[in-house]
Amino acid sequence: MSSTWPGWFGDSDGADAVEPFVRLRPERRVDTRSGLGGRSSKVAPSSPLSIPVVGVAARLPGGTRVTVPSDAVAVAVNVTITQASSKGFATVWPCGTPRPLASNVNFASTTPTGNGVIAPIGDDGSICVHTSTSAEVIVDLAGYFGGSDVSTPGAETPFTASSPTRLVDTRVGVGAAPGPVQAATSLRIQVGGAELDNPDDPASPMVIPSDASAVAMNLTVVRPSADGFATVWPCGSDRPLASNLNYAAGRNRANAVIAPIGADGTVCVYVNRSSHVVVDVAGWFRGGDDPSFLRCGTGPPGRHAICRRPDPKLTASPTIAQRNHRPSSVVPMDINGASAIVTGGASGIGAASARMLAARGAKVVIADLAGGQG
């Protein structure tokens, strides 16, 4: 077994500073199968689901009751699609704005499929969910990203949310040359300076600053030629022994990724099997001298993270996929008090990673669909 994480959310300076991420006790807000949340029928392409999140009651991990504040800019949710009439995709975006050309979950008709989503909040305090085919929708709330930083008037917020914006689609030549990314090659994506759709003013795009520390992205692999994996990392550094998405031949798969940005403003995506790649971005994390996301091997003295905790068995008889990786260096870790989101954390490697992070003092949010509730 091995586990991977790209970094952690840093604490803002100052006693009154906003935490970049406030984790909540995971709670189901919507289940169209039972009518929880107000909808008791499948979501159809013509009738998207609107989910109020600002002002809703929730609990901190210790049990204290709170509400999602009005200045929250985005929420961390797990969206699961089940009992779909046919294969398709789901899009999550801020209500009150045009539905973007983006996707968060790619699903089949026969299998429940979930994905973690960092969902920007609309002006009315809601997020919307669209499905391309009729399907039951389940949404679990796991936390929120804070708004204005009251400790430093005029300072950039820890997380700046945009409407989900498609930066790359190799099927049609958006952001890259048209055609599949070839096996064992990488795609370089310019994110620093990229324009994102502005939910408040569609005519005035938002621009990712050159010193942003990371972006919230959804990575989709489309029509892969064989079973494989994809790795996302900051360009300019060695590709880590890590994977962000594992896929099966011919099946579209998506996963949420918090992607650290390289010094030149780029993010790299590697696929070990030929496939199309689609990248949607929904915001960025503050950079500069007080970054709200600290990636592996960065940060103040004594606060370094390893990029992967290796299984010693991997060196005994490596697979082709393992041989294709270039391992990164391992440095000491101190993540006590840091926050982490683990998607797929209810079982297997995800659960083991969550337990290890918690044992080292991290605050862990697990986003997953329990098998008994699927």
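Scroll up a little and you will see the structure.
What you see is a predicted model; the values in this text were computed from it and never measured.

Quick notes on the rules
Residues numbered from 1 in each chain as written. Predicted model: local features only at pLDDT ≥ 70, side-chain atom pairs only at ≥ 80, totals over all residues. Heavy atoms only, no water. Patch = residues over 30% accessible without salt bridge, like charges linked within 9 Å, V, L, I, M, F, W, Y side chains within 5 Å. Areas by Shrake-Rupley, 256 points an atom, 1.4 Å probe, with all protein chains shown as cover. Salt bridge = Lys/Arg side-chain N within 4 Å of Asp/Glu carboxyl O. Lys, Arg positive; Asp, Glu negative; His and termini not counted. Charge placed at Lys NZ, Arg CZ, Asp CG, Glu CD. Helix = DSSP H or I, 4+ residues; strand = E, 2+ residues; numbered from the N terminus. Buried < 20%, exposed > 50% of the residue type's maximum accessible area, 1.4 Å probe, protein only. Disulfide = S-S within 2.5 Å. Pairing = 2+ DSSP bridges. Contact = heavy atoms within 4.5 Å.

S.K.: I tried to follow a negative patch on the surface on my own but got confused; where do I start?
M.R.: Judged by side-chain charge, D123, D124, D200 and D201 come together as a negatively charged surface patch. Looking at where D123 falls in the secondary structure, it is placed in the loop between β10 (113-120) and β11 (126-131). You can call D123 exposed: its relative accessible area is 72%.

S.K.: Just to check I follow, could you spell out the state of the cysteines for this structure?
M.R.: Note: disulfide means a covalent bond formed between the sulfur atoms of two cysteine side chains. Counting across every chain of the model gives 2 disulfides. Two residues, C235 and C268, share a disulfide whose sulfurs are 2.0 Å apart. Around the S-S axis, the bridge from C235 to C268 shows a dihedral of about 115° and counts as right-handed. Of this pair, C235 sits in the loop between β18 (228-234) and β19 (245-247) while C268 sits in strand β21 (residues 266-271); the two residues are 33 residues apart in sequence, bridging distant segments of the chain. Accessibility classification places C235 together with C268 in one group, the buried group. For the protein, numbering the cysteines in disulfides from first to last along the sequence yields the connectivity 1-2, 3-4.

S.K.: Would you explain the pairing of β11 in this entry?
M.R.: Most of β11 is tucked away: 6 of the 6 residues are buried. The alternating pattern of β11 places S126, C128 and H130 on one face and I127, V129 and T131 on the opposite face, and all of these are buried. Judged from the 5 bridges that link them, strand β8 (residues 88-94) and β11 form a sheet pairing that is antiparallel. Note that in β11 the partner of T91 across the bridge is H130.

S.K.: Looking at this structure, how should I read the side chain of T113?
M.R.: Tracing the sequence through the fold places T113 in strand β10. Each residue touching T113, except ones within four places of it in the same chain, is listed here: V79, T80, I81, V105, N106, F107 and A108.

S.K.: Before we go on, may I ask you to explain the pattern of salt bridges in this structure?
M.R.: Any two side chains of opposite charge can pair, on the condition that their charged atoms come close. Taken as a whole and assessed by the stated rule, the structure comprises 8 salt bridges. Residues R29 and E27 are paired through a salt bridge, measuring 3.2 Å at the closest nitrogen-oxygen approach. Overall, the relative accessible area of 24% leaves R29 in the partly exposed class. With a closest N to O distance of 2.7 Å, D280 and R166 form a salt bridge. On the criterion of sequence distance, the pair formed by D280 in strand β22 (residues 276-285) and R166 in strand β13 (residues 159-169) is long-range, its members being 114 residues apart. Assigned by exposure class, D280 and R166 land together as buried. Within this structure, R166, D169, R171 and D280 form a network of salt bridges that share partners.

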